[in-house]
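Here is how the chains run, residue by residue.
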Amino acid sequence: RQPDGEFFSKNPGVLAAEWTSRHIIVYHIPEASIPADLEKETPDTSGWKKWILAYLPLQPGCTGSIGPQELILNMQLCGDWAGSTFGTHQCGGGGWKYLS
């Protein structure tokens, strides 16, 4: 079972990916365990095995079918999912005001 939003909200940290011609590996490193190499912006994934979240092996010749990736974060401030409570408290207002 893959971690969901509830897991990540209770276990903040860093999501990192290693993409080579042989595989794509996604890591989740807990906030309290961020290694020095990552903090120095010189990541060395050889010591990150315990934080592997997903391993995606690539068959020879398949690397051309995967191109540049883009991560889109959608921070839903309004809506039924949030209980329709955004903007109803003392600091409230329309959600659109915060997105300009």
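Since the structure is predicted, the reported quantities are computational estimates derived from the model, not experimental observations.

Rules and cut-offs
- Residues numbered from 1 in each chain as written.
- Predicted model: local features only at pLDDT ≥ 70, side-chain atom pairs only at ≥ 80, totals over all residues.
- Heavy atoms only, no water.
- Helix = DSSP H or I, 4+ residues; strand = E, 2+ residues; numbered from the N terminus.
- Buried < 20%, exposed > 50% of the residue type's maximum accessible area, 1.4 Å probe, protein only.
- Contact = heavy atoms within 4.5 Å.
- Pairing = 2+ DSSP bridges.
- Axes fitted to C-alpha atoms, helices over the stretch in contact; angles between N-to-C directions.
- Core = buried A, V, L, I, M, F, W, Y, C linked by side-chain atoms within 4.5 Å.
- Lys, Arg positive; Asp, Glu negative; His and termini not counted.
- Salt bridge = Lys/Arg side-chain N within 4 Å of Asp/Glu carboxyl O.
- Phe/Tyr/Trp six-rings, centres within 6.5 Å; stacked < 30°, edge-to-face > 60°.

K.L.:
Give a detailed account of the environment of isoleucine 25, specifying residues and quantitative values.
P.N.:
Among the secondary structure elements, isoleucine 25 is positioned in strand S2 (residues 23-30). Relative accessible area serves as the criterion here: at 7%, isoleucine 25 is assigned to the buried category. Through-space distance from the C-alpha of isoleucine 25 to that of threonine 45 is 9.6 Å; in sequence the pair is 20 residues apart. Filtering out sequence-adjacent residues up to four positions away, isoleucine 25 remains in contact with Ala16, Ala17, Glu18, Ile52, Ala54 and Tyr55.

K.L.:
Report on the sheet that holds strand S3 (residues 52-57), specifying residues and quantitative values.
P.N.:
Strand-to-strand pairing in sheets goes through backbone hydrogen bonds, with the strands running parallel or antiparallel. Spatially, S1-S2-S3 is the arrangement adopted by the three strands of the open sheet, whose pairing is antiparallel. Every interior strand has two partners, whereas the edge strands, strand S1 (13-19) and S3, have only one. For this sheet, the mean angle separating the axes of adjacent strands, direction not counted, is 10 degrees.

K.L.:
Give me the lowdown on the nonpolar core, citing residues and values where you can.
P.N.:
Of all hydrophobic cores here, the largest spans six residues; its members are Ala16, Ile25, Tyr27, Ile29, Trp48 and Trp51. Element by element, the count of residues in this core is highest for S2, at three residues. With residues near it in sequence (within four places) discarded, tryptophan 51 still touches Val26, Tyr27, His28, Ile29, Pro30, Ser33 and Pro35.

K.L.:
Please set out the pairing of S2 residue by residue, giving values where relevant.
P.N.:
Counting buried residues in S2 gives six out of eight residues, a clear majority hidden from the surface. Pairing between S1 and S2: seven bridges, direction antiparallel. When the bridges of S2 are listed, valine 14 appears paired with isoleucine 29. Adjacent in sequence and paired antiparallel, S1 and S2 are bridged by three residues. Pairing of S2 with S3, which is carried by five bridges, proceeds in the antiparallel orientation.

K.L.:
Describe the side chain of aspartate 37, with residues and values.
P.N.:
Mapping aspartate 37 onto the fold places it in helix H2 (residues 36-39). Within the buried core, aspartate 37 has no salt-bridge partner, and the shortest N-O distance to an opposite charge, that of lysine 40, equals 8.4 Å. Excluding residues within four positions of it along the chain, aspartate 37 makes contact with Thr42, Pro43, Asp44 and Trp48.

K.L.:
An account of the packing of aromatic side chains is needed here, citing residue identities and associated values.
P.N.:
Centre-to-centre distance and the angle between the planes together describe a pair of aromatic rings. Going through the model one piece at a time under the given rule, you end up with two aromatic pairs. Ring geometry for phenylalanine 7 and phenylalanine 8: centres 5.2 Å apart, planes at 75 degrees, overall edge-to-face. Accessibility expressed as a relative area gives 27% for phenylalanine 8, which makes it partly exposed. Ring centres 5.1 Å apart and planes at 90 degrees place the aromatic pair tyrosine 27 and tryptophan 48 in the edge-to-face group. Of this pair, tyrosine 27 sits in strand S2 while tryptophan 48 sits in the loop between H2 and S3, placing them 21 residues apart in sequence. Tryptophan 48 matches tyrosine 27 in its accessibility class, with the two residues each being buried.

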